[in-house]
Amino acid sequence: MNPFYSYEGIRLKILNGVFHPGLFFSTHVFLEYLKTRQLSELKILELGAGSGLISFYCSREGAQVTASDINQAAIAGLRLNAERNKLEINVVHSDLFENIAISDFDMILINPPYYPKEPNNDSEAAWFCGANFEYFDNLFGQLGNVSSLPEILMILSEDCDLTKIKSIALNSGFANQQIYSESKWGEENYIFQFFRVA
């Protein structure tokens, strides 16, 4: 596997154990959607940033970006690639919002793990959301504790259990609206906006 990856002039070194944006479509679908948005001056959090390609793109477009991850290899890669690309992002090691103030942001971008299995390490946490989808219970539970919410955007694939994830969100008081979809190589990816039910 080539540890180097480039996208529209953003050049990344992908460290071992970090989600590679060249192998899967979700990162690129998210980027295609973000190209339709005005990002300049927005305060953006990429939660579980992995390689940070989305964060670096948003920073290049003028956003004030925080990139977080639970995986220390991802954190090291984010810092390395910020320096390599001369792009300013705030890098935070955090399990979901443990070390992050949700209300500090205008927009939160999430490309979550969604396979129902227990992760054995932080690297696997990019893929597996817990046997009973605990990642989503924790995510929406923590979001539900915030009075003033930013815009919450999440990308999900048709390969995941969309009904289960939406049900967990609803149980925590969040509805959703599909705002974008794109099919690549026969796999449909959807971007949902989640918002608190009035």
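Read on for an overview of the structure. (Residues numbered from 1 in each chain as written. Predicted model: local features only at pLDDT ≥ 70, side-chain atom pairs only at ≥ 80, totals over all residues. Heavy atoms only, no water.)

## Topic: the nonpolar core
In this structure, Leu34, Cys58 and Leu109 are the most contacted members of the largest nonpolar core, which totals 35 residues. Other than its neighbours up to four places away in sequence, Leu34 contacts Leu39, Ile54, Tyr57, Cys58, Met107 and Leu109. In terms of nonpolar packing, the next biggest core, distinct from the first, is built from 31 residues, Ile108, Tyr114, Cys160 and Leu162 among them. (Core = buried A, V, L, I, M, F, W, Y, C linked by side-chain atoms within 4.5 Å. Buried < 20%, exposed > 50% of the residue type's maximum accessible area, 1.4 Å probe, protein only. Contact = heavy atoms within 4.5 Å.)

## Structural notes on the state of the cysteines
Two cysteines form a disulfide when their sulfur atoms are joined by a covalent bond. For the structure shown, the criterion picks out 0 disulfides. Counting only cysteine sulfurs, Cys129 is the nearest neighbor of Cys160, a cysteine outside any disulfide, at a range of 8.8 Å. Classification of Cys160 by relative accessible area gives buried; the value is 9%. (Disulfide = S-S within 2.5 Å.)

## Points about the packing of aromatic side chains
In the structure shown here, the tally under the stated rule is 11 aromatic pairs. Here the aromatic rings of Tyr33 and Tyr180 are separated by 5.6 Å at their centres, their planes lie at 55 degrees, and the arrangement is tilted. Of this pair, Tyr33 sits in helix α1 (residues 26-34) while Tyr180 is found in strand β8 (residues 174-184), placing the two residues 147 residues apart along the sequence. (Phe/Tyr/Trp six-rings, centres within 6.5 Å; stacked < 30°, edge-to-face > 60°. Helix = DSSP H or I, 4+ residues; strand = E, 2+ residues; numbered from the N terminus.)

## Here we look at helix α5 (residues 162-171)
Of all the residues in α5, the buried ones are Leu162, Ile165, Ile168 and Ala169. Viewed end-on, α5 has its buried residues packed into an arc of 130 degrees, placing them on one side of the element. Exposed side chains of α5 directed beyond 90 degrees from the buried face belong to Thr163, Leu170 and Asn171. Turning to α5, the residues buried within the fold contact α4 (134-143), β7 (151-157), β8 and β9 (187-196). Following α5 by one or two positions, Gly173 has its phi on the positive side, about 90 degrees. (Arc of directions from axis to C-beta.)

## Describing the environment of Leu139
Relative to the helices and strands, Leu139 resides in helix α4. If we skip the residues at most four places from it in the chain, Leu139 touches Leu47, Leu96, Phe97, Ile110 and Met154.

## Some remarks on the sheet that holds strand β5 (residues 89-93)
Ordered by their spatial adjacency, 7 strands build an open sheet running β5-β4-β3-β6-β7-β9-β8, and the pairing between neighbours is mixed. Strand pairing shows two members of the sheet lacking a second neighbour, β5 and β8, which therefore form its edges. The average angle at which neighbouring strand axes cross in this sheet is 20 degrees, direction not considered. The pairing of β7 with β9 spans 6 bridges and is antiparallel. Bridged to Ser157 within β9 is Asn189. Across the sheet, helix α3 (residues 72-85) is in contact with β4 (64-69) and β5; its angle to β5 comes to roughly 165 degrees. Packed onto the sheet, α5 meets β7, β8 and β9 and runs at close to 10 degrees relative to β9. (Pairing = 2+ DSSP bridges. Axes fitted to C-alpha atoms, helices over the stretch in contact; angles between N-to-C directions.)

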